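Commentary on secondary and tertiary structure
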Amino acid sequence: MNLDNCPRCGKLFVKNVRGICQNCIKEIEVEYEHCVKHIRENKGIHMHELSEATGVSVKQITTFIREGRISIANAPNMTYPCEVCGIPIRDGHMCDSCRTRLTKDLNQAIRESSNQDQSNNMGSGTYSAMDKLRGN
């Protein structure tokens, strides 16, 4: 039996798939129900207004949205922060600007790695060819 401290409340619990204790799982489900009910009743609500009205943290509400448990399709004012720069977004983890920058940086790193591999292979190929001519 694997035991751990709950990262949310600090109590000792038997490890499970969710990684938190049963009491915290129940509390999160109650928070989820409060959020869903409040969004249904107030379609034009903003993230911080929802947090203040329900007592649920913005981080937890964002988690519900990212998990697909709360749909913001019918809540036009509901946004959450980009994980990189913090500007308000409505889907994913990053805004378009950060996603584009990340893609550009990754492509550049791949090109640099590819160029470095080619130069390393050329050098080792030349020396091994010379060794074969010498008979070593």
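Here is what the cut-offs are and how they apply
Residues numbered from 1 in each chain as written. Predicted model: local features only at pLDDT ≥ 70, side-chain atom pairs only at ≥ 80, totals over all residues. Heavy atoms only, no water. Helix = DSSP H or I, 4+ residues; strand = E, 2+ residues; numbered from the N terminus. Buried < 20%, exposed > 50% of the residue type's maximum accessible area, 1.4 Å probe, protein only. Contact = heavy atoms within 4.5 Å. Axes fitted to C-alpha atoms, helices over the stretch in contact; angles between N-to-C directions. Parallel < 35°, antiparallel > 145°, perpendicular 65-115°, else oblique. Left-handed = near helix turned anticlockwise from the far one by under 90°. Nonpolar A, V, L, I, M, F, W, Y, C, P; charged D, E, K, R; others polar. Phe/Tyr/Trp six-rings, centres within 6.5 Å; stacked < 30°, edge-to-face > 60°. Lys NZ or Arg CZ within 6 Å of the ring centre and 35° of its normal. Expected span 1.5 Å × (residues − 1). Arc of directions from axis to C-beta.

The name an unreviewed UniProt entry gives the chain is Flagellar protein, with Paenibacillus jamilae as the organism.

**Things to note about the side chain of Thr-62**
Take Thr-62: it is sitting in helix H3 (residues 58–66). The class of Thr-62 is buried, set by a relative accessible area of 7%. In this structure Thr-62 touches Met-47, Tyr-80 and Pro-81, once residues within four positions along its chain are discounted.

**What to know about the packing of helix H2 (residues 47–54) against H3**
For the pair H2 and H3, interaxial distance at closest approach is 9 Å and the crossing angle is 115 degrees. The orientation of H2 with respect to H3, classified from their angle, is roughly perpendicular. Crossing of H2 against H3: the hand is right-handed. Along its contact with H2, which presents Met-47, His-48, Leu-50 and Ser-51, the element H3 presents Val-58, Ile-61, Thr-62 and Ile-65. Across the contact of H2 with H3, the residue classes break down as 5 nonpolar, 3 polar and no charged.

**Some remarks on the packing of aromatic side chains**
According to the stated counting rule, one finds 1 aromatic pair in the structure shown. Geometrically, the ring pair formed by Tyr-32 and Phe-64 is edge-to-face, given 5.5 Å between the ring centres and 70 degrees between the ring planes. You can see Tyr-32 sitting in helix H1 (residues 22–41) and its partner Phe-64 sitting in helix H3, a full 32 residues away along the chain. The exposure class assigned to Tyr-32 is buried, which follows from its relative accessible area of 16%. Here the basic side chain of Arg-69 rests over the ring of Tyr-32, its NZ or CZ set 4.1 Å away from the ring centre.

**A few points about H1**
In an α-helix, one full turn covers 3.6 residues, which means residues spaced three or four apart are oriented alike. Taking 1.5 Å of rise per residue, 20 residues should cover 28 Å, and H1 covers 29 Å from first to last C-alpha, within 8% of that figure. Regarding H1, the residues found buried are Cys-24, Ile-25, Ile-28, Glu-31, Tyr-32, Cys-35, Val-36 and Ile-39. The buried residues of H1 occupy an angular sector of 135 degrees when the element is viewed end-on, so they sit on one face. Residues of H1 that are exposed and point more than 90 degrees away from the buried face comprise Lys-26, Lys-37, Arg-40 and Glu-41.

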